[in-house]
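Here is what each chain is made of, one letter per residue.
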Amino acid sequence: MANLKKDIASSIAVGLVAIPLCLGIAHASGTPLISGLIAGIVGGLVIGSFSKSHLAVSGPAAGLTTIVLAAIATLKDFDVFLTAVVLAGVLQVLFGKMRVGGLSRLFPSPVIKGMLSAIGLILIMKQFPHLVGFDKESFGVEEFFDTDKDIESGGSQGLNTFRMIGLAFASLEPGAFTIGLSSLALLYFWDWKMAKRFPIIPGSLVAVGVAVLGNQVLGPGLRVAGKHLVKIPELRPDNFVHPNWGALSNPQVYLVALTIALVASVESLLSVEALDRLDPQNRRTPPNAELLAQGIGNIISGLLGGLPITAVIVRGSVNLAAGATSKRSAILHGAWILVACLGLRNGINAIPLAALAAVLVHVGIKMAHPKNLKEMSKRGWSQLVPYVVTVLAILFTDLLIGICIGTVVSAFFILRNLHVAKGFTVHKSGLITQIKLHQEVTFFHKVRLSSVLEAVPAGSVLEIDGSEARTIDHDVLDLLELFKAQAAHKNIEIIFGGISLMESFSEKQMAAMQAEYETLLSNNQAWVEECQKEDPQYFERMAIGQKPTFLFIGCSDSRVPAEVITRTEAGKLFVHRNIANVVSLHDMNLMSVLQYSVEHLVVPHIIVCGHYGCGGVRAALSSQSFGLIDNWVHPIKKVVDEHQAELALIADADQKERRIIELHVLAQVRQILKTPVVQKSIQKLGIPRVHGWVYDLATGKIKDLKADVNLQDDLHPVFHYEYDFQKKAPVAQN
Ligand code: CO
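Quick caveat: nothing in here was measured; it's all calculated off a predicted structure.

Procedures and definitions
Throughout, a residue's number is its position along its own chain's written sequence, starting from 1. Where local features are concerned, this predicted model is filtered to residues with pLDDT of at least 70; where side-chain atom pairs are given and counted, the filter is 80 or more; whole-chain, interface and lining totals use all residues. Heavy atoms from the whole structure form the basis of all side-chain values; hydrogens and water molecules are not counted. Put simply, the grid is 1 Å and covers the protein atoms alone, a cavity is a trapped set of points that fit a 1.4 Å probe, a pocket is an open set with protein on both sides within 12 Å along at least five of seven lines, and lining residues have an atom within 4 Å of a point. Grid points are joined across faces, edges and corners, and a volume is the space filled by probe spheres set on the points. In this text, helices come from DSSP runs of H or I with a minimum length of four residues, and strands from runs of E with a minimum of two, each type numbered from the N-terminal end. Start and end positions for the domains come from either an automated domain assignment or a database one. Each residue is placed in one exposure class: buried if its accessible area under a 1.4 Å probe, protein chains only, is under 20% of its type's maximum, exposed if it is over 50%, and partly exposed if it falls in between. Think of a nonpolar core as a cluster: buried Ala, Val, Leu, Ile, Met, Phe, Trp, Tyr and Cys residues, connected wherever their side-chain atoms sit within 4.5 Å. Here, two residues are considered to be in contact whenever any of their heavy atoms come within 4.5 Å of each other. Expected helix span is given by 1.5 Å per residue-to-residue step, counting one fewer step than there are residues.

### Quick notes on empty space enclosed by the protein
Item 1. The tally for this structure, following the rule as stated, stands at three cavities of 30 Å³ or more.
Item 2. Here the largest cavity is characterised by a volume of approximately 170 Å³.
Item 3. Forming the walls of the largest cavity are 20 residues, and the residues nearest its centre are Ala62, Gly140, Glu142, Val314 and Arg315.
Item 4. The set of elements that each furnish at least two residues to the lining of the largest cavity consists of α1 (2-29), α5 (109-131), α9 (251-278) and α11 (313-321).

### Considerations on the domain arrangement of the protein
Interface size is commonly expressed as the accessible area that is lost once the parts come together.
Item 1. For the protein, the assigned domains are domain 1 (2-378), domain 2 (424-504), domain 3 (505-545) and domain 4 (547-719).
Item 2. The centre of domain 1, based on its C-alpha atoms, is set 79 Å off from the matching centre of domain 4.

### Some points on α11
Three or four residues apart is the spacing at which side chains of an α-helix point the same way, because the helix has 3.6 residues per turn.
Item 1. Burial of α11 is extensive: seven of the nine residues sit out of reach of the surface.
Item 2. Within the span of α11, buried status applies to Ile313, Val314, Arg315, Gly316, Ser317, Val318 and Asn319.
Item 3. Positive backbone phi, approximately 95 degrees, marks glycine 323, located one or two places after α11.

### Regarding the nonpolar core
Item 1. Grouped together as the largest cluster of nonpolar side chains are 68 residues, with contacts concentrated most on Ile19, Met115 and Val230.
Item 2. Non-local contacts of methionine 115, meaning those with residues more than four positions away in its chain, are made with Leu270, Ala274, Ile313, Thr390, Ile394, Leu399 and Ile403.
Item 3. Ile553, Val582, Leu647 and Val665 belong to the second largest nonpolar core, which has 41 residues in total.

### Side note on α5
Item 1. Taking 1.5 Å per residue as the helical rise, α5 with its 23 residues ought to reach 33 Å, and the 32 Å between its terminal C-alpha atoms agrees with that figure.
Item 2. α5 sits mainly inside the fold: 18 of its 23 residues count as buried.
Item 3. Residue glycine 133 follows α5 closely and has a positive phi angle near 90 degrees.

Dropping the structure here:
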């Protein structure tokens, strides 16, 4: 209920402001004044009903005056022009049905913000003369250079926004000046003191009401009259014009219709987008529904003899400032214009333009608030420059040209950012070079990518991961394709991941991969034959069962094969390998292996074998995050943390890494000894013995770390699971 009251009050405020705007825009468009009012009424009642926007107000637009003027000059007659307006509406309905409205989401943000600020500044500068009673220019004109039609009487003679302000200073009208400035002061006072107490009543309504009464009180010398007041023309059936359907055979009509449809659509979508951003409730207007609504509005406006319509920011902003909560306000504002034309002409015609100018200046100051500039400058040049350019371009040309210039500048910065953004990251580890492509890989990244590819050493592996790339420029794909061909000569193996165009490995590569795979099976065949030749019962013996002597816990690294480096026959090693030979008590896999080998296989030895140059340890030592692996290598980070003092003494980074690998192995040895399974077996049998090794990839040699852990003395009592180790002495050394 409170919302309904608010909407009614705000609709009156918007309606009052809309009337002189409709009239002024009709004048500036060079069309009958009533055409502006018709467009205002249709914009409210019809478009307001069909639109899904909550705050936007539609009506005749200042941004279209230039186009309407030019169109009428081309088409000669107003009724022919109306035919084009109807057709423009039909086109907009088609645009909506074709769902092209979504393109409006492409308007760059700084351009939309620039547009709001520019319209704010335009309101301040263009309304200032009206505020002080210099009503030479039609009310609501927005373009910088005045045309003859923008001027109420007389020619434009090189007039523009600035000259108009200068002239206004030279001819201050004391009455209007008084009303204008006191209305403005009242608006600020209302915001400051009264708005909270009377939240339903918009300050603009109070200001206009006080201005009308005040003007009556002013002495005859000061009282404003004539051209300083609103002047609604009389509505008579005979001054309604209707479209001339004969003009449908005139090809010019279609061109004008297309122009109006395009420009009005763009302006409407921009306006609703901008108002959506101002909406305190953050509601979003579906753009295609808006095009449909605008199209229906223009068809009806054209049929009734009205101007083309768009959603307009100024009236929308007044609507918002007056406290509108829903689209009821926009619809009702159309009804008020109609009522004003039919029965309230005398009342409306008593409103001083200066008071309405005050309402618009008040809104303009809000829209052009310097905080916008501050906010944009915080976002950096790529936002600030398009914003400022948009503001200046709109100020010194008109809305449409300004938006175009702003969009071009913004597009330039968007392209530049794409260029600056990294298209990929390179990660090298030994013989493997990994190139991870980012979301957007553009033409601009081609040169750098090319030099990275050139630097990949012969005989190594190149992995290109495109799994996160959304778009890859065709030039970049060509480059990769080309490199693939060269790579074969340099004996570089390339693995492409996640790049759709690249996933079709070359047939040669596929064949090589298949051959490599089949080698495994043929090797097996050969091995079976060799074994049988040496020992015909070999596999029969193997099949009976295993009795391994060692549990070998090593790294998954392909260069540390347990049997190969210890030259051990099958059946000797019970093996568990994982990344960086971590003994985690949460690892069901390892814990099962441990229990089985201790309780069932009764292995005499457990060996934890790390290796220098371990990738898992390197991952743990870097501060880079690798995802899940971070959790896995966490114990290694802990080792580094616990041995800071010792490690600080080692200056050489390589030596430090080697020492960390040793400390890590020793820590895993302790982990094994901390398990009840192993302690129980030691208590009972005196085995297993647990050893720590490090294998050196560069020499092939194994270093025995001589792990010497005394369960009784070296492990904290909390790790003595029900066993008394004092009785059985040496347990865990070699
Ligand atoms: Co490793």
